[in-house]
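Remarks on the overall topology
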Amino acid sequence: MKISFSPPDITQEEIDEVVDTLRSGWITTGPKTKLFEEKIANYTNASKAVCFNSATSAMELTLRLLGVGEGDEVITSAYTYTASASVIHHVGAKIVLVDTAKDSFQMDYEKLEHAITDKTKAIIPVDIAGVMCDYDKIFEIVNNKQNLFSPSNEIQKAINRVIVLADGAHSLGATYKGKKSGEVADFTCFSFHAVKNLTTAEGGAATWRDIPNINNNDIYTQYMLLSLHGQTKDAFAKTDPGSWEYDIIYPAYKCNMTDIMASLGLAQLKRYDAILERRKQIINMYDKALENGGATSLKHFTDKSSSSGHLYLVRLNDKDEDYRNMVIKEMAEKGIATNVHYKPLPMHTAYKNLGFNIKDYPNAFNMYRNEITLPLHTLLSDEEVEYVTECLKEIVK
Ligand SMILES: Cc1ncc(COP(=O)(O)O)c(C=O)c1O
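Note that the structure is predicted; figures quoted are calculated from it, not measured.

Concerning the overall build of the protein
In terms of helices and strands, the protein carries 15 helices and 13 strands. The C-alpha atoms of the protein give 21 Å as radius of gyration, which agrees with the globular expectation for 397 residues (21 Å, within 12%). In terms of overall dimensions, the protein has C-alpha extents of about 70 × 55 × 40 Å along its principal axes. Taken over 397 residues, the protein has a buried fraction of 57%. The long-range fraction of contacts in the protein, counting pairs at least 24 apart against all pairs at least 6 apart in sequence, stands at 72%. Accessible surface computed for the protein: about 17000 Å², of which carbon and sulfur atoms make up 49%. Once the 43 positive and 53 negative side-chain charges of the protein are each reduced to a mean point, those two points are 2 Å apart.

Notes on the UniProt feature "modified residue: N6-(pyridoxal phosphate)lysine" (unreviewed entry) in the protein
Residues annotated by UniProt as "modified residue: N6-(pyridoxal phosphate)lysine" (unreviewed entry) correspond here to Lys196. Mapped onto the fold, Lys196 is located in the loop between β8 (187-191) and β9 (204-208). Among all residues touching Lys196, those that are not within four sequence positions of it are Ala169, His170, Ser191 and His310.

Examining the domain arrangement of the protein
Put simply, an interface is often sized by how much accessible area is lost when its parts join up. Segmentation of the protein into domains returns domain 1 (12-264) and domain 2 (273-396). Placing a centre on the C-alpha atoms of domain 1 and another on those of domain 2 gives a separation of 26 Å. Facing 37 residues of domain 1, the contacting portion of domain 2 comprises 34 residues. Each partner contributes to the roughly 2900 Å² buried at the junction of domain 1 and domain 2, and carbon and sulfur atoms together form 61% of this total. Three residues stand out in domain 1 for area buried against domain 2, namely Tyr79, Phe105 and Asn197, and they jointly supply 23% of the buried area on that side. Summed over the shared surface of domain 1 and domain 2, the number is 2 salt bridges. Here Arg315 and Asp103 are joined by a salt bridge, their closest N and O atoms 3.0 Å apart.

Examining the pattern of salt bridges
Side-chain pairs of opposite charge can arise whenever the charged atoms involved come near each other. Counted under the stated rule, the structure contains 18 salt bridges. Residue Lys32 pairs with Asp20 through a salt bridge whose shortest N-O separation is 2.7 Å. One end of the pair, Lys32, is in helix α2 (residues 31-44); the other, Asp20, is in helix α1 (residues 12-24), with 12 residues separating them in the sequence. Between Arg64 and Glu60 there is a salt bridge; the shortest N-O distance is 2.9 Å.

Some remarks on unusual backbone geometry
Tyr342 follows His341 through a cis peptide bond whose omega is 0°. The phi torsion at Asn45 lies on the positive side, around 60°, for a residue other than glycine. Tracing the backbone shows Asn45 in the loop between α2 and β1 (48-52). Take Asn45: its relative accessible area is 47%, and that puts it in the partly exposed class. Of note, Asp318 is a non-glycine position whose phi angle comes to about 60°, a positive value. A residue is classified by how much of its surface remains accessible, and Asp318, at 74% relative accessible area, is exposed.

Regarding the site of the ligand
Around the ligand sit 17 residues, and of these Thr56, Asp167, His170, Ser191 and Lys196 come closest. Residue Thr56 places a side-chain N or O atom 2.5 Å away from an oxygen atom belonging to the ligand. Contacts to the ligand include Ser191, whose side-chain N or O atom sits 2.7 Å from an oxygen atom. When isolated, the ligand has an accessible area of 400 Å², and the protein chains bury 90% of it.

Here we look at the sheet that holds strand β10 (residues 295-297)
Taking strand neighbours across the sheet as the criterion, the 3 strands line up as β10-β12-β13 in an open arrangement whose pairing is antiparallel. Edge positions in the sheet fall to β10 and β13 (371-374), since each of these pairs with one other strand and no more. The sheet shows a mean angle of 30° between the axes of neighbouring strands, direction not considered. Along the sheet, helix α11 (residues 272-290) contacts β10, β12 (312-316) and β13; its crossing angle with β12, the most-contacted strand, is approximately 15°.

So, how was this worked out
- Residues numbered from 1 in each chain as written.
- Predicted model: local features only at pLDDT ≥ 70, side-chain atom pairs only at ≥ 80, totals over all residues.
- Heavy atoms only, no water.
- Helix = DSSP H or I, 4+ residues; strand = E, 2+ residues; numbered from the N terminus.
- Rg over C-alpha atoms; globule rule 2.2 N^0.38 Å.
- Buried < 20%, exposed > 50% of the residue type's maximum accessible area, 1.4 Å probe, protein only.
- Contact = heavy atoms within 4.5 Å.
- Areas by Shrake-Rupley, 256 points an atom, 1.4 Å probe, with all protein chains shown as cover.
- Lys, Arg positive; Asp, Glu negative; His and termini not counted.
- Charge placed at Lys NZ, Arg CZ, Asp CG, Glu CD.
- UniProt positions renumbered as here; feature names shortened; annotations may be inferred.
- Domains from an automatic or database assignment.
- Buried area = accessible area lost by both parts, 1.4 Å probe.
- Salt bridge = Lys/Arg side-chain N within 4 Å of Asp/Glu carboxyl O.
- Near = heavy atom within 4 Å.
- Polar contact = N/O pair within 3.5 Å; in protein donor to acceptor, adjacent residues only side chain to side chain.
- Pairing = 2+ DSSP bridges.
- Axes fitted to C-alpha atoms, helices over the stretch in contact; angles between N-to-C directions.

Structure below.
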């Protein structure tokens, strides 16, 4: 058998929708992107949504929209992909990394509270594997520390406490206490990268909740300006006959979503409930097969939250890096692609060069050293899921 880690699930529906766009005479940002934004806002119960070429762009532009920059601090988890932290560096702010709680893939909330200073402008919690963070706890913490916050732009003034910008790259469709990812944090950024539950090949979106005294259309316009050169009219608006003239308000960025990408997303979103259901079935199969087997899997479905089932994270109890790497190699020899999520940021050169040391993040290191991620995607058959668990059990026996 040959089992890939996370191939895209593309059906005739996606192909037809993309072909329709290709034949329509409009392939970059236009009607399909606008429609996809509406559908994402509806799906997540968010006030509004805006699409970009990646979650990384969505997060960076959100920090820029919030006026976060030099002299500010932004906190995120040590246990994540580089994008959650690199965007903080891009805007000139200081990255503050918080260790995970013991035996948890999520930030230690007590350490998070201690990390907040009078320079902290935002926290980027990471909904790792599609399991949403404990947002009630996070909001309790930022409210407790409200007295330290000094706002420096209109949105910061309106929110008047540390802003919660969720890295929801994995969590489209997940819920926390009955609320969808996208309507819980102040801002949420999703990824539609090729390996994600819902893909547009590359792509991302930001959603946000209503902010008192701030007009949602103004936020949307700011995002449009930031993502398209600070230009007052996008290419679609400029095609109106006689409507050529535009202004560049400031030298901004270029990271808009195209209608080709959006058409892929529109077709995927139509199938998304079924996609989530199949992921849940596979997770339940893995959970059942691996219980009592010397391994501990991340819980995706609890009383408090229901995951989008993005990644199946397993810890090989009490084992170390060498053993885990041996398992990955032996699984590969049996035709099964696995992965590791994540090598903590302080172990990477870029973050070492910024002064981070993994010794300060012992819990994150412990999670990493025996973690293996099993294939989880909607092209897997039940037989393949069984084969994966049989091989894993055989290797770790
Ligand atoms: C946790 C996390 N955040 C952010 C990103 C960045 O997403 P994108 O590739 O859409 O920029 C990823 C991508 O893998 C991710 O896993």
